[in-house]
Structures are given as C-alpha cells and as structure tokens.
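Survey of secondary and tertiary structure
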Amino acid sequence: MKITIGRSDKADFPEFFLSEIDLKIDSGAYTSSIHCSKIKETSLNGEPIIIFTLLDPEHSFYNSKEFTSNNYASKIVKSSNGISEKRFRILTEIVIFNKSFPIYLTLSERKDMKFPILLGRKFLNKKFVIDTTKKNLSHKLKNTL
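A brief look at the structure comes next. All of these numbers come straight from a predicted model, not from anything done at the bench.

**So, the overall build of the protein**
Broken down by element type, the protein carries 2 helices and 11 strands. In terms of C-alpha radius of gyration, the protein reaches 15 Å, essentially the compact-globule figure of 15 Å for 145 residues. Seen through its principal axes, the protein has C-alpha atoms that stretch 45 × 35 × 30 Å. Considering the protein as a whole, with its 145 residues, one finds that 41% of them fall into the buried category. When contacts within the protein are restricted to residue pairs at least 6 apart in sequence, those whose partners lie at least 24 apart make up 56%.

This is the structure:
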C-alpha cells in the first residue's frame, strides 16, 4: 500500500545530522536533490572523493560541517530552466513516516529556492501517492508518537 504524502513535509537525514528539515514533493523532477555549497571533487589516497557543505550560511540549519563521500557518481541533469549541468549524486538515508529509506540525492546549489530538499519521482515512485491539498503529513505523524 502506498503512503499518502502532501506537497511539502519535513524529514530526517541521520548521516547529515539533519532533523525535521523542509522538503518539497516535486513530481516534475525525476531525481531528488539537496542544497549544498562548496561542492568539490578531489582525491584522498589516490581515491576520488567529493567534499561538500550542506545548505549555506543563511539557512537556520547550516553548521559549516564538511561532508565527504567516495560513494558517488556524476550525471548531467537538466534543470527546470532547461540548462544542463554536471551534478554529483550520493546515496544516503531519509527517515520519513517513521521509516528509513535509501535515497539518491543530487548535490545542487538551491540557494534561491524556498525548500532545501526536493523529492523527485524516482524516490516517490511505488512508495507514495501525492495529495496536493495536504502538507507535513509525516511531520504530524512523527509528533503524535
């Protein structure tokens, strides 16, 4: 049975020490993405890694902590304005509706966007159905337990 999700919600990302962070459900986007700043690809002991900082100093959850990942890929993503760009994609974990799910997130500069995280069709498919008249369904469920 699919879980009903609203047009926006809050979720936890344990690996990044983020809890109750705002996210937008975007059925128009194929991939899910998270707002990052200072994204760079480098190497450590001869192995390729990416280093990134989540969010930016203007966001209330910003902590300036650098994260690294050697489990990543890069892909060309076409943004809503039609411009294609190379983005890095990582695998992490999202906790939503009191369940943990694996999720691929592309790292992107979303500084001017209202929501730091977008959940796209690839993640939503076969797990969720969207009710655009609702919001924060997972967050409300979390706070009643």
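**Section: the pattern of salt bridges**
Per the counting criterion, the structure on display carries 6 salt bridges. With its nearest N and O atoms 2.8 Å apart, the salt bridge here joins aspartate 12 to lysine 142. Of this pair, aspartate 12 sits in strand β2 (residues 8-13) while lysine 142 sits in helix α2 (residues 137-142), and the two are 130 residues apart along the sequence. Among the residues examined, aspartate 12 registers a relative accessible area of 16% and is labelled buried. Of the charged contacts in the structure, one is a salt bridge between aspartate 131 and lysine 134, with a shortest N-O distance of 3.7 Å. Assessed through its relative accessible area of 37%, lysine 134 is described here as partly exposed.

**Some points on the pairing of strand β5 (residues 47-54)**
Burial analysis of β5 places 6 of its 8 residues in the buried class, which makes it a mostly covered element. The hairpin formed by strand β4 (residues 32-44) and β5 contains 2 residues between the paired strands, and asparagine 45 there has a positive phi angle of roughly 55°. The pairing of β5 with strand β6 (residues 66-69) spans 4 bridges and is classified as antiparallel. Residue pairing across strands places isoleucine 50 opposite serine 69, the latter belonging to β6.

**Topic: the environment of phenylalanine 17**
Mapping phenylalanine 17 onto the fold places it in the loop between β2 and β3 (18-25). The exposure class of phenylalanine 17 is exposed, given its relative accessible area of 61%. In sequence terms phenylalanine 17 and asparagine 63 are 46 residues apart; their C-alpha atoms lie 9.7 Å from each other. Ignoring any residue separated from it by four or fewer positions in sequence, one finds phenylalanine 17 in contact with Lys65 and Phe67.

The rules behind each value
Residues numbered from 1 in each chain as written. Predicted model: local features only at pLDDT ≥ 70, side-chain atom pairs only at ≥ 80, totals over all residues. Heavy atoms only, no water. Helix = DSSP H or I, 4+ residues; strand = E, 2+ residues; numbered from the N terminus. Rg over C-alpha atoms; globule rule 2.2 N^0.38 Å. Buried < 20%, exposed > 50% of the residue type's maximum accessible area, 1.4 Å probe, protein only. Contact = heavy atoms within 4.5 Å. Salt bridge = Lys/Arg side-chain N within 4 Å of Asp/Glu carboxyl O. Pairing = 2+ DSSP bridges.

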